[in-house]
Amino acid sequence: YLIEATASFADIKPEEYDGLIIPGGRAPEFMRLNEDVPKIVSHFFEADKPIAAVCHAAQVLTTVKEHMKGRELTAYIACKPEVEALGSTYVSEPNHTDGNLISGHAWPDLPGLMKEFVKQVNGVGVEA
């Protein structure tokens, strides 16, 4: 899409952000190779900030296996093996929320995923 990046992963200070959205498509297969990505993603799990993961985002979550054991999430069906290899449970739903992890099966499920993500970012219905 020729979208110009304004920062590299190395430039990101995750403590300055209220939530994380991990996109789907082909991007996660390349994003997970960046050495700064696990540090960024781990911050959101450790700080209990909202994380939205859609479609192939499960490939990025493979870089933070220590945060995924026992979690439940949905993802594009082709990523079911990655989800299960993480020690997580694959859920066959369009959207699923497990604490601060909000997951969506594919792009058509973005409205529901983003509705829950925005609620959590705004602190609505989230226990402190």
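See the structure printed just above.
Here's what I pulled together on the structure shown here. (Residues numbered from 1 in each chain as written. Predicted model: local features only at pLDDT ≥ 70, side-chain atom pairs only at ≥ 80, totals over all residues. Heavy atoms only, no water.)

**Re the layout of surface pockets**
Formally: Here a cavity is any set of points on a 1 Å grid over the protein atoms alone where a 1.4 Å probe fits but cannot get out, and a pocket is any open set with protein on both sides within 12 Å along at least 5 of 7 lines; a residue lines the site when it has an atom within 4 Å of a point. Grid points are joined across faces, edges and corners, and a volume is the space filled by probe spheres set on the points. The numbering of helices and of strands both runs from the N terminus, where a helix is a DSSP run of H or I of at least 4 residues and a strand a run of E of at least 2. All amino acids are sorted into three groups, where Ala, Val, Leu, Ile, Met, Phe, Trp, Tyr, Cys and Pro are nonpolar, Asp, Glu, Lys and Arg are charged, and the leftover types, Gly among them, are polar.
Approximately 340 Å³ is the volume attributed to the largest pocket. Every residue lining the largest pocket is counted, 18 residues in all, and those nearest its centre are Phe-9, Ile-12, Leu-20, Ile-21 and Ile-40. Elements with a contribution of two residues or more to the lining of the largest pocket: β1 (20-22) and α2 (37-46). Here the lining of the largest pocket takes 4 residues from α2, the largest share from any one element. Considering only residue class, the lining of the largest pocket consists of 16 nonpolar, 2 polar and no charged. Approximately 260 Å³ is the volume found for the second largest pocket. Ile-21, Pro-23, Gly-24, Gly-25, Val-54, Cys-55, Trp-107, Leu-110, Leu-113 and Met-114 together form the lining of the second largest pocket. Top contributing element to the lining of the second largest pocket by residue count: helix α5 (residues 110-121), with 3 residues. Its residues placed into classes, the lining of the second largest pocket shows 8 nonpolar, 2 polar and no charged.

**A closer look at the sheet that holds β1**
Quick reminder of the rule: Following DSSP output, two strands are said to pair if at least two bridges run between them. Lines fitted to C-alpha atoms define the axes here, with helix axes fitted over just the stretch in contact, and angles between the N-to-C directions of these axes take values from 0 to 180 degrees.
With respect to topology, 4 strands assemble into an open sheet ordered β1-β2-β6-β5, the strand pairing being mixed. The open sheet is flanked by β1 and β5 (95-98), the only strands paired with a single partner. Sheet twist, expressed as the mean angle between neighbouring strand axes with direction ignored, is 15 degrees. Strand direction decides the pairing type here: strand β2 (residues 51-54) and strand β6 (residues 101-104), joined by 4 bridges, are parallel. Bridge assignment links Ile-51 to a residue of β6, and that residue is Leu-101.

**Topic: the pattern of salt bridges**
Once their charged atoms are close, side chains differing in charge can pair, the charge on each being opposite to the other. Operational definition: Any carboxyl oxygen of Asp or Glu that lies within 4 Å of a side-chain nitrogen of Lys or Arg is treated as forming a salt bridge with it. Note on classification: 1.4 Å probe, protein chains only; a residue is buried when its accessible area is under 20% of the maximum for its type, exposed when over 50%, partly exposed between these limits.
Counted according to the given criterion, the structure contains 4 salt bridges. Among the ionic pairs, Asp-98 bridges to Arg-71, the shortest N-O distance being 3.3 Å. Placement of Asp-98 in strand β5 and of Arg-71 in the loop between α3 (58-61) and β3 (72-73) is noted, with a sequence separation of 27 residues between them. When sorted by exposure, Asp-98 lands in the same class as Arg-71, which is buried. Between Lys-80 and Glu-84 there is a salt bridge, and its shortest N-O distance comes to 4.0 Å.

**Thoughts on the pairing of β2**
Residue alternation in β2 divides its side chains into two sets, Ile-51 and Ala-53 and Ala-52 and Val-54, and both sets are buried. Two strands pair when backbone bridges link them, and β1 and β2 are joined in this way by 3 bridges, in the parallel orientation. What sits directly across from Ile-22, in β2, is Ala-53.

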